[in-house]
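Commentary on secondary and tertiary structure
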Amino acid sequence: MHTHTDTFIHAPVLSSVFLKGPAGSRTVVCDMAGLLCGTKRKKQVSDLHEEGKNAINAPLLPSGVDLLPEDMLLEENAERSMLDPTSREDPKFKDLQKVLIDWINNELEEDRIIVKDLEEDLYDGQVLQKLYEKLSGRKLNVAEVTQSEIGQKQKLQTVLEAVNEQLRPQGWTIEWGVDSIHSKNLVAIVFLLVALAMHFMAPIRIPEHVSVQVVVVKKREGILQTSHVTKELTTTTEMMLGRFERDAFDTLLDHAPDKLNVVKTSLITFVNKHLNKLNLEVTELESQFADGVYLVLLMGLLEDYFVPLYNFYLTPESFEQKVHNVAFAFELMQDGGLKKPKARPEDVVNLNLKSTLRVLYNLFTNYKSSE
């Protein structure tokens, strides 16, 4: 024998649903099986209405994307964007973030700043200020510590104005702003960091061809509409560096590749004239300068000093050790009065011929008369 409980029971074959009442009596709750009535029925209708409203307001919203309260409060024709959850988990995008975090931490090591999360650690402008000042060698007139939202945005405004002033003439599309950075828009933050890394020739290997999907929410006639947009965060190193002013080597490789061997021969003759003093000889420009050893030794010969062996790796094995050598050679060049090379150390290490030619040609034009 079954005992009745005070819970609702679906009974599709019955015309009525009963609940146990006082003194064992039965009370008819609904005449239609499977339906609730009273407050439960009102709640069901309310929920259904809300679900229908959401379906109308966000007809294209992909699964896994949650609209925030501020999305519902958008003004007419205003829009917000958010990173698609699937892109957030993309291995290449995660790798790009790790490279950028490691770079920032290396640059700001002396300031004892450790970044663990780009969204949480960069939105208030403090780290971005320190990073820009370190890269540019320029001190910004901002408050050191800002706790209020207004103060943080004022700092961001100052930092981004300085950044944009340097980057915009180089052809960078400004994909970031005070509001997007402060609202922890990861795509905007990564765009900004990639541009800074490329502009200041960071000695890092930025992953190429990294794209993400961004969900754009826009309000039109009171209705929220969503769409997907692909954002290309990185292309190739060559294309990103191509934003900088083209020089004779761009023209040479693009329009007169037949003359390339003549240039290479002239440069090989120049470097061997000096390296032969150490019984060293170069026959292939790209590979033999890629580890930075010959560049360091060549600078010592050109400037007539001995470079202590503890300053560089004589037999570098890792990518990092090779980058260290090339970066050190660049420092020696600047100490000798030369301009900072356009190439990045990692481009020379990665056997980028144009970058290596630029570095060697710069030496050739400054020291071609040296004995």
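The sections below set out a description of the structure shown in this document.

Conventions used here
- Residues numbered from 1 in each chain as written.
- Predicted model: local features only at pLDDT ≥ 70, side-chain atom pairs only at ≥ 80, totals over all residues.
- Heavy atoms only, no water.
- Salt bridge = Lys/Arg side-chain N within 4 Å of Asp/Glu carboxyl O.
- Helix = DSSP H or I, 4+ residues; strand = E, 2+ residues; numbered from the N terminus.
- Buried < 20%, exposed > 50% of the residue type's maximum accessible area, 1.4 Å probe, protein only.
- Axes fitted to C-alpha atoms, helices over the stretch in contact; angles between N-to-C directions.
- Parallel < 35°, antiparallel > 145°, perpendicular 65-115°, else oblique.
- Contact = heavy atoms within 4.5 Å.
- Expected span 1.5 Å × (residues − 1).
- Core = buried A, V, L, I, M, F, W, Y, C linked by side-chain atoms within 4.5 Å.

**Focus on the pattern of salt bridges**
Where charged atoms from two side chains of opposite charge come close, those side chains can pair. Scanning the entire structure with this criterion turns up eleven salt bridges. In this structure, Lys153 engages Glu149 in a salt bridge whose closest nitrogen and oxygen atoms are separated by 3.5 Å. A residue pair is termed a helical-turn pair when its members lie 3 or 4 positions apart in one helix, as Lys153 and Glu149 do in helix 7 (residues 149-167) at four residues. Between Asp347 and Arg344 there is a salt bridge, with its nearest N and O atoms 3.2 Å apart. When its relative accessible area of 3% is taken as the criterion, Asp347 is described as buried. On the basis of relative accessible area, Arg344 is assigned to the buried category, the value being 0%.

**Things to note about the packing of helix 14 (residues 293-303) against helix 17 (residues 353-367)**
Packing of helix 14 against helix 17 brings their axes to within 12 Å, and their N-to-C directions diverge by 10°. With respect to helix 17, the axis of helix 14 lies roughly parallel. Of helix 17, the residues touching helix 14 (which contributes Leu295, Leu298, Met299, Leu302 and Glu303) are Val359, Leu360, Leu363 and Tyr367.

**Observations regarding helix 15 (residues 319-335)**
With 17 residues, helix 15 should reach 24 Å at 1.5 Å per residue; the first-to-last C-alpha distance of 24 Å fits that figure. For helix 15, every residue scored as buried is listed here: Phe319, Val323, Asn325, Val326, Phe328, Ala329, Phe330, Leu332 and Met333. Structurally, helix 15 contributes buried residues whose contacts are with helix 14, helix 16 (345-349) and helix 17. At the exit of helix 15 stands Gly337, carrying a positive phi of roughly 95°.

**Structural notes on the nonpolar core**
Among the nonpolar cores identified, the biggest contains 52 residues, and Trp103, Ile104 and Leu118 are the most heavily contacted of them. Sorting elements by how many residues they give to this core places helix 9 (residues 186-199) first, with 13 residues. With residues up to four places along the chain from it excluded, the contact list for Trp103 reads Leu131, Leu135, Leu193, Leu196, Ala197, Ala202 and Ile204. Counting 38 residues, the second-largest nonpolar core is a separate cluster that includes Val271, Leu285, Met299 and Val326.

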